[in-house]
Amino acid sequence: ITIEFVASVGKHAYMEFRPKVAKMKVHPGEYVQTSFFASNLNKTPITGQAIYNVAPAESSLYFHKTECFCFNNQPLAAGERKDMPLRFIIDPKLPKDVETVTLAYTVFDVTQAVVN
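Just so we're clear, the structure is a prediction, and the values are computed from it rather than from any experiment. (Residues numbered from 1 in each chain as written. Predicted model: local features only at pLDDT ≥ 70, side-chain atom pairs only at ≥ 80, totals over all residues. Heavy atoms only, no water.)

**What about the overall build of the protein chain?**
Looking only at helices and strands, the protein chain has 1 helix and 9 strands in total. Taken along its principal axes, the extent of the C-alpha atoms in the protein chain is 50 × 25 × 20 Å. Buried positions account for 40% of the 116 residues belonging to the protein chain. Looking at the protein chain alone, contacts between residues at least 24 apart form 72% of all its contacts between residues at least 6 apart. (Helix = DSSP H or I, 4+ residues; strand = E, 2+ residues; numbered from the N terminus. Buried < 20%, exposed > 50% of the residue type's maximum accessible area, 1.4 Å probe, protein only. Contact = heavy atoms within 4.5 Å.)

In C-alpha cells, the structure reads:
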C-alpha cells in the first residue's frame, strides 16, 4: 500500500509544517514510524493542534495511529523547530482495491484557546 502524507497550516498559524517524507510503501500489518517537522516562525511561543483526515474515507477504519503528535497540543517556543513522531499500522483487512491512502494534517494555532 502507498501512504501519502500531506500537511497544511491553518489561517493565522505562522509556522512551517511538513511531512519528513511525502509518501512511503507499507505492508498491511506492520508497524510504521515516520515524523512531521514543525517550526515556529513567530518571535513568541505558540501552541499548535493538528487535525487529520484520511482518504479515501472508508480506509480510515483500517488506519490505526498508535503514536501521534495530533493526540495533544504542540507547544513551540519562539523559533523552535522539532520533529514530531507518528506511528501507525494499516489493518490487513484493508480492502484489496485500496492501493493508496492519504493522511492529511492541518495545524491550527490554538494559543489563545490554551491561554483562556
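**Brief notes about the sheet that holds strand β2 (residues 15-19)**
Pairing is antiparallel in the open sheet, where 4 strands are placed in the order β2-β4-β8-β6. Bordering the open sheet on either side are β2 and β6 (63-68), each of which pairs with just one other strand. If you compare each strand with its neighbour and ignore which way they point, the axes differ by 25 degrees on average. Summarising the sheet, β6 and strand β8 (residues 81-90) pair through 5 bridges and their orientation is antiparallel. The partner of Lys65 across the bridge, within β8, is Phe88. (Pairing = 2+ DSSP bridges. Axes fitted to C-alpha atoms, helices over the stretch in contact; angles between N-to-C directions.)

**Looking at the nonpolar core**
If you look at the biggest cluster of nonpolar residues, it comprises 28 residues, and the most contacted ones within it are Ile3, Phe69, Leu86, Phe88 and Tyr105. Going through the elements one at a time, β1 (2-9), β2, β4 (31-40), β5 (46-55), β6, β8 and β9 (100-109) are the ones with two or more residues in this core. (Core = buried A, V, L, I, M, F, W, Y, C linked by side-chain atoms within 4.5 Å.)

**A look at the packing of aromatic side chains**
In the structure shown here, the tally under the stated rule is 9 aromatic pairs. Ring centres 5.1 Å apart and planes at 80 degrees place the aromatic pair Phe36 and Tyr105 in the edge-to-face group. Placement of Phe36 in strand β4 and of Tyr105 in strand β9 is noted, with a sequence separation of 69 residues between them. The exposure classification of Phe36 matches that of Tyr105, with both residues buried. Over the aromatic face of Tyr52 sits the side chain of Lys65, whose NZ or CZ is 3.1 Å from the ring centroid. (Phe/Tyr/Trp six-rings, centres within 6.5 Å; stacked < 30°, edge-to-face > 60°. Lys NZ or Arg CZ within 6 Å of the ring centre and 35° of its normal.)

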